[in-house]
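Per-entry structural report
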Amino acid sequence: MYDAPVGSDLSPGVDIKIVFPDDGVILIEGAPLFADQEGSACRRFLGRVFLAPEIDSAVIGPVTTPGVTPAIELRFDATQYSPRQVIEHVATLLDVPPSTDHCTEVPPALTARDCRGAIRYHRYGPRITGWRVVSERVGVIKLENPAVYRKAALCEAVERELMSVLGVERYETSSSSCCAKIEYDPRQLSPVQIVEILDGALIHAEHPDRLDPLDLDLAICTASLPLAAIAQFAFPPLLPISAALFAYTSIPSFRGAYNVLFKERRLGVDLLDSVVIMGCLATLHVFPGAILAWCLSLGRYLVRRTEDNSKKLLLGAFGKQPRYVWLVKDGIEIEMPLDRLDKGDVVAVHTGEMVPVDGIIVEGLAMIDQHALTGESTPAEKGVGDRVFASTVMVAGKMHVVVEKSGSETATAKIAQILNDSAGYKLASQHRGEQIADKVVIPTLGLGGLAFATLGPTGAVAVVNSDLGTGIRMAAPLAMLSTLALCAQKGVLVKDGRALDLLCEVDTVLFDKTGTLTRERPEVGRMIAANGLDALQILRFAAAAERRFHHPIALAILQKAEEEGLRLPLTDATRYRVGYGITVGIDGHRVRVGSRRFMELEGVPLTREVEKTLDEVHREGHTMVMVAVDDELGGALELRASIRPEVRGIVQGLRERGIDHIAIISGDHEAPTRRLAEELGMDRYFAQVLPADKADYVEKLQREGRKVCFVGDGINDAIALKKANVSISLRGATSIATDTAHVVFMEQSLGKLCELRDIARDLERNVRNSWLMILGPNLACIGGVFTLGFGIGASVITNNVAALAALANGLLPMRRVAELEAERRHLLEMELRQSGFLCEGDAPQARLAKVDTAAKSDIPTARHPHRAALAAD
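Below is a summary of the structure that appears in this document.

Rules of the game
Residues numbered from 1 in each chain as written. Predicted model: local features only at pLDDT ≥ 70, side-chain atom pairs only at ≥ 80, totals over all residues. Heavy atoms only, no water. Helix = DSSP H or I, 4+ residues; strand = E, 2+ residues; numbered from the N terminus. Buried < 20%, exposed > 50% of the residue type's maximum accessible area, 1.4 Å probe, protein only. Contact = heavy atoms within 4.5 Å. Areas by Shrake-Rupley, 256 points an atom, 1.4 Å probe, with all protein chains shown as cover. Pairing = 2+ DSSP bridges. Phe/Tyr/Trp six-rings, centres within 6.5 Å; stacked < 30°, edge-to-face > 60°. Arc of directions from axis to C-beta. Axes fitted to C-alpha atoms, helices over the stretch in contact; angles between N-to-C directions. Core = buried A, V, L, I, M, F, W, Y, C linked by side-chain atoms within 4.5 Å. Patch = residues over 30% accessible without salt bridge, like charges linked within 9 Å, V, L, I, M, F, W, Y side chains within 5 Å. Salt bridge = Lys/Arg side-chain N within 4 Å of Asp/Glu carboxyl O. Polar contact = N/O pair within 3.5 Å; in protein donor to acceptor, adjacent residues only side chain to side chain.

The secondary structure content of the chain amounts to 31 helices and 32 strands. For the chain, with 873 residues in total, the buried portion stands at 51%. Looking at the chain alone, contacts between residues at least 24 apart form 67% of all its contacts between residues at least 6 apart. For the chain, the computed accessible surface area is about 38,200 Å², with 54% contributed by carbon and sulfur atoms.

Here it is in structure tokens:
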């Protein structure tokens, strides 16, 4: 017996009983102490106990079991510690004065309580958690927590948390097995961080009071098969039981038939299935009926599983983003979740960061890259009073922004909208295969009526069962979902599966010029020297001055200097005047780099040659950067739009794939647009088109009888994206363009365009092959019913073998997904080996220790209470 001392704050004077029921187990009984599992005394007890590194886990028994004294079970490694050592250490930790507030942090009981009421905590590194690690290796961890047993809502909360965490590559949860399997990049996350993220998800989730009903549809259908076979062929007295079980497994088909017939008011394939089921019951053909029920259940399971995997791949590709911002309070920058911002809060944005909100600048100066929003290649100067928008990037400076829209109205709302819009991938709108399936219902019923009149009820059931729609109704959506998963794996977000259908019909592609055919970063063209300097000297001075900046102009100049192999000198006293230019000291010279206006403000006259070239450059739609050395103009650098390197290959690839009309549309001047169209071999170009008029040109092409695919970028493309038959935007698109486009390329590249056309055609071919797989055998079976006396058994076997073959065909794109995933894992392993995270011969625990040591110690994306830190300026 152990009596808690009076000086302790753990229920002083309470007796607790300690027994050792097994090796490595200490059982502590104390009715008042453990009766309230979430009470402060119990939680302090756990916090003190887990200060002992010997304790690996703790289980608090359920308090509702009658006649059982509430107790806690502590487990330790009996091979390393003796029970006496452990209990003495624990007793020492418990005998502390109440003023000492030194306890291990223990998550709330609801994150670790199983369905019987027991609470199970485990130690993982420095954390105490309800998650138990089942297996792990570098980059993959599998955990178990009985708190999520038959609670799909908790699994969904975990997945919502994981889907936007940078570093999480793949994840899978199961409420039936209580498991979560997570694949991650160990260079960005450690296993301990993942456990903390999972704990945070359960802490903030709403915990349902009841367990979800068990989904035993496929299991019961599988169990009914041998029972039906025995009843049909060996022991007829079991027929009533088998028939009742068959009728029970057919409830989903009856429910589907009711919805189709009375709610949607149409004839669907579910109606045919219900007719066949009633025919099998009426004629006591329970074994063929059980096969039918099993095949339908398997089809539903495959479609549901593939849809879930496709959705995860889609969200994994689209939803990942940092979720924290720097809130300014009392002069201190506090890191907090984006979705907890309120209107009127002030956030700090630093160089290189994405602007997280829509708002007004209240302090600071900055250069903002608005290419994602407007398509402009040149950063815009912003100061106090100017408005800034989310998704733009600050390339230089620092600013404080007052929030006009809260975080829940920006990134979080966008992710939620994607979730809602992508649910089912518009399957309710009916894919072409489903429409075909419904069209054959009436002819099948007509043939069934003919068979009933000539062959009787058995022949009628055999004919109706040989319908042409059941298989294609499942195979077509399965092919669609598998293809969407393949697209997501390749970095292509397909928001509406119908776009893949329409893409096969497209004969015209209309490219927006700015930001689509041209890159965000310009390139250096002509280099004009003046006043005795040469071109490379001018380039060297300009690159040295721009070295500290990251806006597109600076990057273009630095890239040109790198191509020329120039070694850049050191600079001093950099002074940056927003929007005009830079003044630095280089090799004893005062160097100024900036616009023509900057030179005028600094009193540096332009030479006649530079002025002439400047006029030519402006007529061509390009810009120039002036470079002054001391008090004279040293020269100028031309900056022109840089064509994406893949564009020429894309145009040729589209021609080879049957696109007979390719055009450019741009708000730029006639000359540069015409020159680009001629250079790329375009059929037509539209220049000086206002943003609001782009949709009119899409309609103009459609009036010519063309099916148009519009490829654009920026807010001014949103209407044109909506008007086109198929619309594609790059990842750089604003949220409006992203919401409007049917397809979003997650990389800022057109490289996937031809491949997307191939994928769309492969989908069309896959659905056609599935249709042929179903059509041939079922037509032959119908012929056999009328000519060879085929019965219900032959009909069911033929129909369902054909349907399973079509389902397997629909899953073929998933093989390519698996191949790509294997390639990704191999590349990740190679990178980890090169970076030292993974070495030949490393033991798993040694590898994990290496990962934990090298990984970041902070949790960048878990939802936790506000955390404060001073930002490094």
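Read on, since the account is not over.
Pairing of strand 8 (residues 132-137) with strand 9 (residues 140-144) involves 5 bridges; the strand directions are antiparallel. Following the sheet pairing, valine 133 is matched in strand 9 by leucine 143. Between the antiparallel neighbours strand 8 and strand 9 lie 2 residues, among them glycine 139 with a positive phi of about 90°.

A separate point is the packing of aromatic side chains. Applying the stated rule across the entire model yields 3 aromatic pairs. Seen from their ring centres, phenylalanine 686 and tyrosine 697 are 4.8 Å apart, and the 50° between their planes marks the pair as tilted. Of the two residues, phenylalanine 686 sits in strand 28 (residues 684-686) while tyrosine 697 sits in helix 25 (residues 694-703), which places them 11 residues apart along the sequence.

Turning to helix 24 (residues 670-680), its buried residues number three or more, namely Pro672, Thr673, Leu676, Ala677 and Leu680. For helix 24, the angular spread of the buried residues around the axis is 135°, confining them to a single face. Buried residues along helix 24 sit in contact with helix 18 (513-517), helix 22 (608-619), helix 23 (647-656), strand 27 (661-665) and strand 28. Looking one or two places after helix 24, you find glycine 681, whose phi comes out positive at around 75°.

Another point: the sheet that holds strand 9. Across the sheet, which stays open at both edges, the 4 strands sit in the order 8-9-11-10 with antiparallel pairing between neighbours. Each edge of the open sheet is held by one strand with a lone partner, namely strand 8 and strand 10 (168-174). Going across the sheet, the axis of each strand differs from the next one's by a mean of 15°, ignoring polarity. Sheet topology places strand 10 next to strand 11 (residues 179-184); 6 bridges connect them, and they run antiparallel. The residue of strand 11 that forms the bridge with threonine 173 is alanine 180.

With that out of the way, let us pick up the sheet that holds strand 20 (residues 508-512). In space, the 7 strands of this open sheet follow the order 19-31-30-29-20-27-28, with mixed pairing throughout. Every other strand in the sheet has two partners, leaving strand 19 (492-494) and strand 28 as the edge strands with one partner each. Along the sheet, successive strands turn relative to each other by an average axial angle of 20°, direction set aside. Two strands pair when backbone bridges link them, and strand 27 and strand 28 are joined in this way by 3 bridges, in the parallel orientation. Counted as the bridge partner of isoleucine 664 is tyrosine 685 from strand 28. Its contacts with the sheet place helix 28 (residues 753-787) against strand 19, strand 20, strand 29 (708-712), strand 30 (726-730) and strand 31 (743-745), and it is angled at close to 140° to strand 31.

Soluble globular proteins tend to pack their nonpolar side chains together in the buried interior. Grouped together as the largest cluster of nonpolar side chains are 76 residues, with contacts concentrated most on Phe511, Leu517, Leu654, Met682, Ile728 and Leu756. Here this core takes 12 residues from helix 16 (residues 470-489), the largest share from any one element. Counting 28 residues, the second-largest nonpolar core is a separate cluster that includes Ala543, Phe549, Ile553 and Val627.

You will see that arginine 150, though not glycine, has its phi angle at about 55°, which is positive. Phi is positive for glutamine 688, which is not a glycine, with a value near 55°. Relative to the helices and strands, glutamine 688 is located in the loop between strand 28 and helix 25. By relative accessible area, which is 53% here, glutamine 688 ends up exposed.

We now examine the side chain of asparagine 465. By the element assignment, asparagine 465 lies in helix 15 (residues 457-465). Given a relative accessible area of 2%, asparagine 465 falls into the buried group.

Moving on, we come to a nonpolar patch on the surface. The grouping of Tyr258, Leu261, Phe262, Leu267, Ile442 and Leu445 at the surface amounts to a nonpolar patch, some 550 Å² of accessible area in total. Looking at the nonpolar patch, the elements that each hand over two or more residues are helix 8 (251-263) and helix 14 (441-455). Among the elements that take part in the nonpolar patch, helix 8 stands out by supplying 3 residues, more than any other.

With 5 of 6 residues buried, strand 4 (residues 55-60) lies mostly within the body of the structure. Where strand 4 and strand 5 (residues 71-76) come together, 5 bridges link them in antiparallel fashion. Within strand 5, the residue paired with alanine 58 across the bridge is leucine 74. Bridging between strand 4 and strand 6 (residues 119-124) involves 4 bridges; their strand directions are antiparallel. Residue pairing for strand 6: serine 57 is matched across the bridge by histidine 122.

Here we take up helix 2 (residues 40-49). Where burial is concerned, most of helix 2 is hidden: 7 out of the 10 residues are buried. Turning to helix 2, its buried residues number three or more, namely Ala41, Cys42, Phe45, Leu46, Gly47, Arg48 and Val49.

Turning to its location among the elements, arginine 44 is positioned in helix 2. Take arginine 44: its relative accessible area is 27%, and that puts it in the partly exposed class. In this structure the C-alpha to C-alpha distance between arginine 44 and cysteine 103, which are 59 residues apart in sequence, comes to 7.0 Å.

Before going further, it helps to spend a moment on the environment of serine 174. As for its position among the elements, serine 174 is in strand 10. Taking the C-alpha atoms as reference, serine 174 lies 10.0 Å from leucine 154; in sequence the two are 20 residues apart. Among all residues touching serine 174, those that are not within four sequence positions of it are Val148, Cys155 and Cys179. Among the polar contacts listed, one links the side chain of serine 174 to the side chain of serine 176, at a separation of 3.0 Å.

Attention shifts here to the pattern of salt bridges. In a structure, side chains of opposite charge can pair up when their charged atoms sit close to one another. Per the counting criterion, the structure on display carries 36 salt bridges. Measuring nitrogen to oxygen at the nearest pair gives 2.9 Å for the salt bridge that ties arginine 657 to aspartate 758. Of this pair, arginine 657 sits in the loop between helix 23 and strand 27 while aspartate 758 sits in helix 28, placing them 101 residues apart in sequence. Glutamate 823 is paired through a salt bridge with arginine 816; the nearest N and O atoms lie 3.9 Å apart.

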